[in-house]
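These are the residues of each chain, in order.
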Amino acid sequence: MAHTVLTQADITRALTRISHEILESNRGPDNLVILGIPTRGVILARRIADIIQRIEPAATMLRVGSLDVTLYRDDLAHGRTRTPSRTEVPGSIDGATVVLVDDVLYSGRTIRSALDALGDHGRPTIVRLAVLVDRGHRELPIRADFVGRNLPTATDERINVHLVESDGDEFVSIDGGSNR
Amino acid sequence: MRHLLSTKDLSRDEAINLLDIAEDMADVAEREVKKLPTLRGKTVVNLFFEDSTRTRISFEAAAKRLSADVINFSAKGSSVSKGESLKDTAQTLAAIGADGVVIRHPASGAPAVLAASGWIDAGIINAGDGTHEHPTQALLDAFTIRRRIHGQASRGTGLDGVSVTIVGDVLHSRVARSNLWLLTTLGADVTFVAPPTLLPSDTSLWPARFSFDLDDAIDAGPDVVMMLRIQTERMHAAFFPSSREYSRVWGLDDARFRRLGPASIVMHPGPMNRGLEISSAAADSANSTVLEQVTNGVSVRMAALYLLLSGDRKESKNVD
Amino acid sequence: MSIDGLQQHELQERWLIRGATLPDGTSTDIRLDGRGITELGIGLSQSGASVIDAEGLIALPGLVDLHAHLREPGYEHSETVLSGSRAAARGGFTSVFAMANTLPAQDTAGVVEQVLALGESAGYVDVQPIGAVTVGLAGKQLAELGAMASSKARVRVFSDDGFCVSDPLLMRRALEYVKAFDGVIAQHSQEPRLTENAQMNEGALSGELGLVGWPAVAEESIIARDVLLAEHVGSRLHVCHVSTAGSVDVIRWAKARGINVTAEVTPHHLLLTEDLVRGYDARFKVNPPLRSREDVQALRAGLADGTIDIVATDHAPHPVESKDCEWDAAANGMVGLESALSVVHAAVVATGLLDWADIERVLSRTPARIGRLVGQGNPIAVGSPAELTLYDPAATRVFGREDLAGTSTNSPYLSMTLPGEVRATFHRGYPTVLDGVVRSSLEIADQASGVVVHG
Ligand SMILES: [Zn+2]
């Protein structure tokens, strides 16, 4: 059924690489705000912040938080009523470089909602996007700046992301799909 | 949530979830942009068969902060009293395309009748029906108590072990009823203090304590004292002899207020009769949450509107 | 009301009811025609008669309702004497006492005679008008009780039902005055000050629902006062729609004391409780209100031990708009004629408290006697008027709109499962209901006009 595409070690390696890439594109840790999108994006954001901290021990100004997009979704009229998660934006984001972090990039609608939400919190100079997995099938003109792994998928497949903090174990797997 | 008609059937989880969402809504009020796009394209009708500017503007602010369109329909003294029925009004609102109806009505049960009628398919929020319930008032009271006690750590918590003494015209108070069910569901201990004439004749099914002696109740050191508004018309129906006697025996005067603990919370749903059920010193003290209650009212009503008007209505659970 | 002087051509219709069960449990054939019940026994000849197979059916004397609101004149959008008569026939009734709260009120000889005439021309049941106690039911001045008594309507029952004759002096005078013609005052026992704006039974539930309570003491205190007044003036009192356990106690005490009091209970107070108010569905709004489970038990016991003499429907039709609204604004009352026998069956027969002989007593014989109605409430015997009902006690049905035969549909029983069904009703020798279907108004009016009646 489900087959694992990323092990815990793969995930750690991917996050380390992303952290380096973030530092490189930002020319250091200054003015960085890392915002995870609940639930697993927040965990990934914290890990990335930790890695950056280790790489750049002097980066005391590094800020990390969460940005819930529930109240900005464009599909609220459908499905079950969603319970929002906590938004914690650490200080002003005006003029900052914000890195949004999510586990899986798919249609792009969540990121569209996140950009709207972010706009209501302030005006960052730059907004970047980091994702653990990009599975394709975009519905909006959105792309990730930092990608852990590109995984071509069929639309009827499901990507499962498990992280130790939320699930007790850690891997990324794919299941379902008619042609596998 | 299909409708919000009563706090009686709200489960503890549902109540805490609503209060937690209200915390998120309160956070939004702290931001530079206080508006959310959440209910864009939804229409909320404030259907008020009874005057209450305070409650109406609170719901109006809540709906507008969620980007809903708001229509205020004041049915008092208009065609309704000349025989236009609740049914006709409801069908009119359905034709207008209301997604949510916030109803205030002098008849107990009118929101329940509207919700069960099939005249309109909108989510119904009871904004006070007769002497029955006023669920959003109780929710904002619970929210206010929780914030005072738990502060930033409020999310996910109930009111376990919190002692709340509610004083005044319990018989005619929808606020008292809604608070009874909600506060006890959240784990609080509720005591009602009132003249015997202003308690229901049979309170055997109410999970609360009852007392006729406010001084005893004050000396018991409650965490919260909630004073209910007394309507002076009641004395004409022989519920109590005079406002002077009421104030002396059942009012939170300066002396009683001073006997309360320093951390105790003094609440009033408003509008207050200063000098009658509550003294100015008590109402304006640091213990008083009267203005916080107004602020929190908007957050709680945003949460209620969000829960009612988002999601597929066919899949939502009926809470009444 | 006696029937005689039948014209020859009206004697054609003869009926043979085959194998019916009488209230005492015995089985018999019954022959009847316009003159009355002509023959009882097993294996009767069917010559010249239409035959009804009544195997498994109970034959009861035609039911008599001492308390119904037929709304005409004045409220014809709710019910007319004709439509109410059809509802009555559907429920197995052959006689209905029509309450006085019409518009104009039945407070003069003219109005009661008008109602009587409407009943005669409808022809489904004997419609016996009740006279108002006070002019316009206003509780101020005695109506012309004597004129109504001596009118063609021969009024014996007087009531301001809907309102209580709360003025003790007026009540005393009314009780005294009707002794002149063996009348009875049927009191709607409701202390008005204790029930201002009352919406439901006062108790734990009214406190929770925030509805103004209608306390039991408001009924019991009036009954207590009235039985003492009846004793004092040596007159006859009838207590309408007893609804509380305390009222049963007061009446039991009064009867033990020898006071001439009779009492009725409605089918709905025997079956339904206040818990139904919870959804604020105004179909359950009635006056006196639905009470607690304990009250229902006490009423059943009171009916079983004879403290309560009869069951009367308090059939109270209202148009849809009077119920399709918030509770406070809704009208009080329920239609009850069509469902009465089934509801009583469910409440006190199925529970073993009453048998069918008791049902004959409480729904036919005693109400006719209290109302001084001759020609009704007689046992099924040779020579009795041909007034009877065939009831299938084994049937069950989900009570629906199609079971209602009046103008209004404000029944609390819609979509409830009820036992039993009226299969046929005979009035003056002709069927008003056959095979469970009410016969057409034209057929019945023709039948009725063929029969000469002397009041
Ligand atoms: Zn009555």
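All values derive from a computational prediction rather than experimental measurement. (Residues numbered from 1 in each chain as written. Chains lettered and ligands numbered in written order. Predicted model: local features only at pLDDT ≥ 70, side-chain atom pairs only at ≥ 80, totals over all residues. Heavy atoms only, no water.)

## Thoughts on the pairing of strand β7 (residues 63-68) of chain C
Residues and elements named next belong to chain C.
Inference 1: Taking burial as the measure, the six residues of β7 include six buried ones, the bulk of the element.
Inference 2: The pairing of β7 with strand β8 (residues 93-98) spans four bridges and is parallel. Considered in β8, the bridge of Val 64 is made with Ser 95.
Inference 3: The parallel pair β7 and β8, bridged by helix α1 (residues 81-90), forms a crossover whose chirality is right-handed. (Buried < 20%, exposed > 50% of the residue type's maximum accessible area, 1.4 Å probe, protein only. Helix = DSSP H or I, 4+ residues; strand = E, 2+ residues; numbered from the N terminus. Pairing = 2+ DSSP bridges. Right-handed = clockwise from strand over helix to strand, strands pointing away.)

## Some remarks on the packing of aromatic side chains
Given two aromatic rings, one states the distance between the centres and the angle between the planes to describe the pair.
Inference 1: Per the stated rule, a full pass over the model turns up nine aromatic pairs over all chains.
Inference 2: Considering the side-chain rings of C:Trp356 and C:Tyr391, the 5.5 Å spacing of their centres and the 55 degrees angle between planes classify their relative orientation as tilted. One end of the pair, C:Trp356, is in helix α11 (residues 356-370); the other, C:Tyr391, is in strand β17 (residues 388-398), with 35 residues separating them in the sequence. Considered together, C:Trp356 and C:Tyr391 belong to a single accessibility category, that of buried residues.
Inference 3: Three or more aromatic residues joined by ring pairs make a cluster, and in this case those are B:Phe192, B:Trp206 and B:Phe210.
Inference 4: Sitting over the face of the ring of A:Tyr106, A:Arg135 holds its NZ or CZ atom 4.0 Å from the ring centroid.
Inference 5: Here the basic side chain of B:Lys8 rests over the ring of B:Trp181, its NZ or CZ set 5.0 Å away from the ring centre. (Phe/Tyr/Trp six-rings, centres within 6.5 Å; stacked < 30°, edge-to-face > 60°. Lys NZ or Arg CZ within 6 Å of the ring centre and 35° of its normal.)

## What to know about the UniProt feature "domain: Phosphoribosyltransferase" (unreviewed entry) in chain A
Inference 1: UniProt records the feature "domain: Phosphoribosyltransferase" (unreviewed entry) at residues 8-147 of chain A, using the numbering of this structure.
Inference 2: Counted over residues 8-147 of chain A, helix gives 32% and strand 21%. Its end C-alpha atoms are 16 Å apart. (UniProt positions renumbered as here; feature names shortened; annotations may be inferred.)

## Some words on the arrangement of the chains
Inference 1: Looking across the two pairs of chains in contact, one finds the most contacts between chains A and B.
Inference 2: Regarding chain A and chain C, which are not in contact, the minimum distance between any of their C-alpha atoms is 26 Å. (Contact = heavy atoms within 4.5 Å.)

## Focus: the sheet that holds strand β6 (residues 146-150) of chain A
Paired through backbone hydrogen bonds, the strands of a sheet run either parallel or antiparallel to each other.
Residue and element names in this part refer to chain A.
Inference 1: Strand order in this open sheet of five strands is β3-β2-β4-β5-β6, and the pairing throughout is parallel. A single partner strand is all that each edge strand has here, and the edge strands are β3 (63-66) and β6. Taken over all neighbouring pairs, the strand axes of this sheet differ in orientation by 20 degrees on average, direction set aside. (Axes fitted to C-alpha atoms, helices over the stretch in contact; angles between N-to-C directions.)

## With respect to the packing of helix α7 (residues 245-256) of chain C against helix α9 (residues 293-304) of chain C
Residues and elements named next belong to chain C.
Inference 1: It is the contact of α7 with α9, at a shortest axis distance of 8 Å, that shows an interaxial angle of 30 degrees. Our classification of the angle between α7 and α9 gives roughly parallel. Counted together, Ala 245, Val 248 and Arg 252 of α7 and Asp 295, Ala 298, Leu 299 and Gly 302 of α9 form the full contact between these two elements.
Inference 2: Tallied by class, the residues present in the contact of α7 with α9 amount to four nonpolar, one polar and two charged. (Parallel < 35°, antiparallel > 145°, perpendicular 65-115°, else oblique. Nonpolar A, V, L, I, M, F, W, Y, C, P; charged D, E, K, R; others polar.)

## A closer look at the interface of chain A and chain B
Inference 1: In this assembly, 17 residues from chain A lie in contact with 20 residues from chain B.
Inference 2: Each partner contributes to the roughly 1,600 Å² buried at the junction of chain A and chain B, and carbon and sulfur atoms together form 50% of this total.
Inference 3: Its largest share of buried area at the contact with chain B, chain A owes to A:Leu71, A:Thr81 and A:Arg86, together 37% of the area lost on that side.
Inference 4: Taken together, the links from chain A to chain B amount to two salt bridges.
Inference 5: Residue A:Asp120 is joined to B:Arg31 by a salt bridge in which the shortest nitrogen-to-oxygen separation is 3.6 Å. (Buried area = accessible area lost by both parts, 1.4 Å probe. Salt bridge = Lys/Arg side-chain N within 4 Å of Asp/Glu carboxyl O.)

## Quick notes on the domain arrangement of chain B
All names here are of chain B.
Inference 1: Each assigned domain of chain B is listed here: domain 1 (1-132 + 293-308) and domain 2 (133-288).
Inference 2: Opposite the 37 residues of domain 1 that make contact, domain 2 presents 36 residues.
Inference 3: Between domain 1 and domain 2, roughly 3,000 Å² of surface is buried when both sides are summed, and carbon and sulfur atoms account for 55% of that area.
Inference 4: When residues of domain 1 are sorted by the area they lose upon contact with domain 2, Thr 7, Glu 23 and Gln 293 head the list and together hold 23% of the total. (Domains from an automatic or database assignment.)

## Side note on the nonpolar core
Inference 1: One finds B:Ile145, B:Phe192 and B:Leu305 to be the most contacted residues of the largest nonpolar core, which totals 85 residues.
Inference 2: Looking at which element gives the most residues to this core, the answer is helix α11 (residues 290-309) of chain B, with 10 residues.
Inference 3: When residues of this core are assigned to domains, at least three fall in each of domain 1 (1-132 + 293-308) and domain 2 (133-288) of chain B.
Inference 4: In this structure, B:Leu305 is in contact with B:Leu39, B:Val44, B:Phe59, B:Ala62, B:Ala63, B:Leu66, B:Val102, B:Ile125 and B:Ser310, ignoring residues within four places of it in sequence.
Inference 5: Ranked by size, the runner-up nonpolar core spans 75 residues in total, among them C:Leu60, C:Val112, C:Ala149 and C:Tyr391. (Core = buried A, V, L, I, M, F, W, Y, C linked by side-chain atoms within 4.5 Å.)

## Overview of helix α4 (residues 110-117) of chain B
Residues and elements named next belong to chain B.
Inference 1: Buried within α4 we find Ala 110, Pro 111, Ala 112, Val 113 and Leu 114.
Inference 2: Among the structural elements, α3 (86-96), β3 (100-105) and β4 (123-129) are those in contact with the buried residues of α4.
Inference 3: Of the residues flanking the end of α4, it is Gly 118, one or two places downstream, whose phi is positive at about 80 degrees.

## What to know about the interface of chain B and chain C
Inference 1: Counting from both sides, the interface comprises 22 residues of chain B and, opposite them, 15 residues of chain C.
Inference 2: For the pairing of chain B and chain C, the buried interface totals around 1,400 Å² over both sides, and the portion due to carbon and sulfur atoms is 55%.
Inference 3: Summed over the shared surface of chain B and chain C, the number is two salt bridges.
Inference 4: Notably, a salt bridge pairs B:Lys87 with C:Asp324, separated by 2.9 Å at the nearest N-O pair.
Inference 5: For the pair chain B and chain C, the number of links is nine residue pairs in polar contact (both at pLDDT 80 or more).
Inference 6: Of all the secondary-structure elements, those providing two or more residues to the side of chain B that touches chain C are α3, α4 and α6 (174-185) of chain B. (Polar contact = N/O pair within 3.5 Å; in protein donor to acceptor, adjacent residues only side chain to side chain.)

## Section: the sheet that holds β4(B)
Residues and elements named next belong to chain B.
Inference 1: Strand order in this open sheet of four strands is β2-β1-β3-β4, and the pairing throughout is parallel. Where the open sheet ends on each side, the last strands, each with one partner, are β2 (69-74) and β4. The mean inter-strand angle of the sheet, taken between neighbouring strand axes irrespective of direction, is 15 degrees.
Inference 2: Where β3 meets β4, five bridges bridge the pair, whose relative direction is parallel. Note on β4: the bridge partner recorded for Gly 100 is Gly 123.

## Quick notes on the coordination of the zinc ion
All names here are of chain C.
Inference 1: With distances of 1.9 to 2.3 Å, the protein atoms coordinating the zinc ion are Asp 161 (OD), His 188 (ND1) and His 241 (NE2).
Inference 2: Each donor residue of the zinc ion lies on one chain, and together they are spaced D-x26-H-x52-H. Placement of the pair is His 188 in the loop between β11 (184-187) and β12 (200-201) and His 241 in the loop between β14 (237-239) and α7, with a sequence separation of 53 residues. Accessibility classification places His 188 together with His 241 in one group, the buried group. (Donors = N, O, S within 2.8 Å, 3.2 Å for Na, K, Ca; no water.)

## Things to note about the pairing of strand β15 (residues 261-265) of chain C
Residues and elements named next belong to chain C.
Inference 1: Burial within β15 is extensive, with five of its five residues counted as buried.
Inference 2: Side chains of β15 alternate between two faces, with Val 261, Ala 263 and Val 265 and Thr 262 and Glu 264 buried alike.
Inference 3: Strand direction decides the pairing type here: β14 and β15, joined by three bridges, are parallel. Opposite Leu 237, over in β15, you have Val 261 as the bridge partner.
Inference 4: Handedness of the β14-α7-β15 crossover: right-handed.
Inference 5: Pairing of β15 with strand β16 (residues 310-311) involves two bridges; the strand directions are parallel.

## Topic: the UniProt feature "domain: Aspartate/ornithine carbamoyltransferase Asp/Orn-binding" (unreviewed entry) in chain B
Inference 1: Sites flagged by UniProt as "domain: Aspartate/ornithine carbamoyltransferase Asp/Orn-binding" (unreviewed entry) map to residues 160-308 of chain B.
Inference 2: Secondary structure over residues 160-308 of chain B splits into 37% helix and 13% strand, and the C-alpha atoms at its two ends are 27 Å apart.

## A short note on unusual backbone geometry
Residue and element names in this part refer to chain C.
Inference 1: Between Glu 72 and the following residue, Pro 73, the backbone shows a cis peptide bond with an omega angle of 5 degrees.
Inference 2: Mapped onto the elements, Pro 73 comes out in the loop between β7 and α1.
Inference 3: Even without being a glycine, Arg 71 presents a positive backbone phi close to 70 degrees.
Inference 4: In this fold, Arg 71 is placed in the loop between β7 and α1.
Inference 5: Classification of Arg 71 as buried rests on a relative accessible area of 8%.
Inference 6: Its identity is not glycine, yet Arg 428 carries a phi of approximately 55 degrees, on the positive side.
Inference 7: With respect to the helices and strands, Arg 428 occurs in the loop between β18 (417-427) and β19 (430-434).
Inference 8: Judged by relative accessible area, which is 6%, Arg 428 ranks as buried.

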